[in-house]
Amino acid sequence: TLSASLASPFQPTRRRHANARRRAAFPLGSRRREEVKSNVERTDVHVDSPKIDIGDDGGDDGGEDLPFFAGWPAWIQNGIRDSGGVRVLVNAATRTIAAPFFYRDNPWCFPEFLRISGTEYPWLVSALRLTRTIDGGKPAVSFSKEAYGDHPRQVGQVMISESVDESEDAAPLFIFLHGGAWGSGFPTMYRLLSLPFLERNFRSVILGYRTYPEADVEGQTDDLVQAVNYFVGKYGGVDGSGGPVVLMGHSSGAHVSMLAALAGRLPAVDALVAASGVYDLEKQLEQEQKMGVSEISPMRAANGFTENSLHEFSPARMVASSQYALPPDFPPVLLLHGGCDDVVPPLCSEEFYDILTNTFDAATENNIKDRAYTEIMTRQKAQSSTCNLEILDKIGHNEVVTDACIGGKAQGAILSWLDEIL
């Protein structure tokens, strides 16, 4: 994402203790952080994703280094942001710096990337199978790029293992929406996230979508809803009536996914994984100001610039409003966050978890006497037990995704939670 690429670390303050009442009321949601540490074994693969540090201003800023462009005039930074320059810079840095370092530290991942992209690089995959660089026992993967809209970025990368019977109703579907500060990112960089799901016979779709300045947050939400409807209709089993649908969003992608779910626009989604998400835009703006990226970051521009619009598009403030009621088809949610996240503090997910669980509780208490609401409220009460929070120690903002790719804590937390609810 932009902040991880261009900014130096900012260490957030974290809440140390959970709410006892919440734990008693929501037993599944109260799984302790220690459970992740003790029950999920790390592999021997080391994740050491580099921060793309392009300098600082050399000044004394209370112990915090700022990126070198923090001292540039706001109009220059805004111009880079509004022209799409952030996408160009961050995507180029990902391709030329972050990806090579990742594959250097995890060399087994590159053959796997090629294997799940088989029909895109057929001759290379065949050669690697002959030399046994790719395990010949692993199934081939059908890969395609499919447009769900007219814009060039409205494309999903679809991966289906040959072990999945195309006529099988029960085959589940995994859909991923990338982050990138609402203004950068591309689906190819997240293709490896399909690995653990392909191994479990999920069909996997990594979504591309319009980002700022091509679309603001409302346009991005529309893209997500359009994509989910299209791919669920095509790959969600026979005639779209098959197995469960899992949606995962990371960073700004988690924010967009949550907005769509809270608006009741994702009725086909059976489980939502929100990783490193932003749920209070005003607080995140303060975070970006501390990091020195608030003028170049697309966040404020993509979400309407004004204080009112930041409130309007903040899931935490939306749910906390006395006029808001969760839609009856709101899916079970896993809020996943790295304990060492210096881009979006983990407190963001912790506070949103409290708001969500309190809303479930209040809705049930206030409306259960009304028989017309009984069925809906009973379902929401059941869903509240699957509103879960996982804070992963020693995991940063981007590492939540890389860790999920290679079999670390994040992957274990996601798969364990899905096993419980699906």
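The structure this text deals with has already been given above.
Right, let's walk through the structure included here. (Residues numbered from 1 in each chain as written. Predicted model: local features only at pLDDT ≥ 70, side-chain atom pairs only at ≥ 80, totals over all residues. Heavy atoms only, no water.)

A few words on the pattern of salt bridges. The full count for this structure, using the stated rule, is 13 salt bridges. Note that R104 and D105 form a salt bridge whose closest N and O atoms lie 3.0 Å from each other. Residue class for D105 comes out partly exposed when judged on its relative accessible area of 23%. For D280, the salt bridge is made with R317, and the minimal N-O distance between the two is 3.4 Å. With D280 in the loop between strand 6 (271–275) and helix 11 (281–291) and R317 in helix 14 (residues 315–320), this residue pair connects regions lying 37 residues apart in the sequence. Accessibility expressed as a relative area gives 11% for D280, which makes it buried. (Salt bridge = Lys/Arg side-chain N within 4 Å of Asp/Glu carboxyl O. Buried < 20%, exposed > 50% of the residue type's maximum accessible area, 1.4 Å probe, protein only. Helix = DSSP H or I, 4+ residues; strand = E, 2+ residues; numbered from the N terminus.)

Tracing the sequence through the fold places V256 in helix 10 (residues 252–262). Not counting chain neighbours up to four residues away, the residues in contact with V256 comprise L177, W182, V217, Q220, T221 and L224. (Contact = heavy atoms within 4.5 Å.)

At their nearest, the axes of helix 17 (residues 399–406) and helix 18 (residues 409–421) sit 6 Å apart, and the two run at 75° to each other. Between helix 17 and helix 18, the crossing angle belongs to the class labelled roughly perpendicular. The residues of helix 18 that touch helix 17, namely those facing V400, D403, A404, C405 and I406, are K409, A410, Q411 and I414. Residue classes in the contact of helix 17 with helix 18 are distributed as six nonpolar, one polar and two charged. (Axes fitted to C-alpha atoms, helices over the stretch in contact; angles between N-to-C directions. Parallel < 35°, antiparallel > 145°, perpendicular 65-115°, else oblique. Nonpolar A, V, L, I, M, F, W, Y, C, P; charged D, E, K, R; others polar.)

Here we come to helix 4 (residues 74–82). Looking only at helix 4, the buried set comprises Q77, N78, I80 and R81. The arc that holds every buried residue of helix 4, seen down its axis, measures 160°, which confines them to one face. Residues of helix 4 that are buried make contact with helix 5 (85–105) and helix 12 (299–302). Positive phi appears at G84, one or two residues downstream of helix 4, with a value of about 85°. (Arc of directions from axis to C-beta.)

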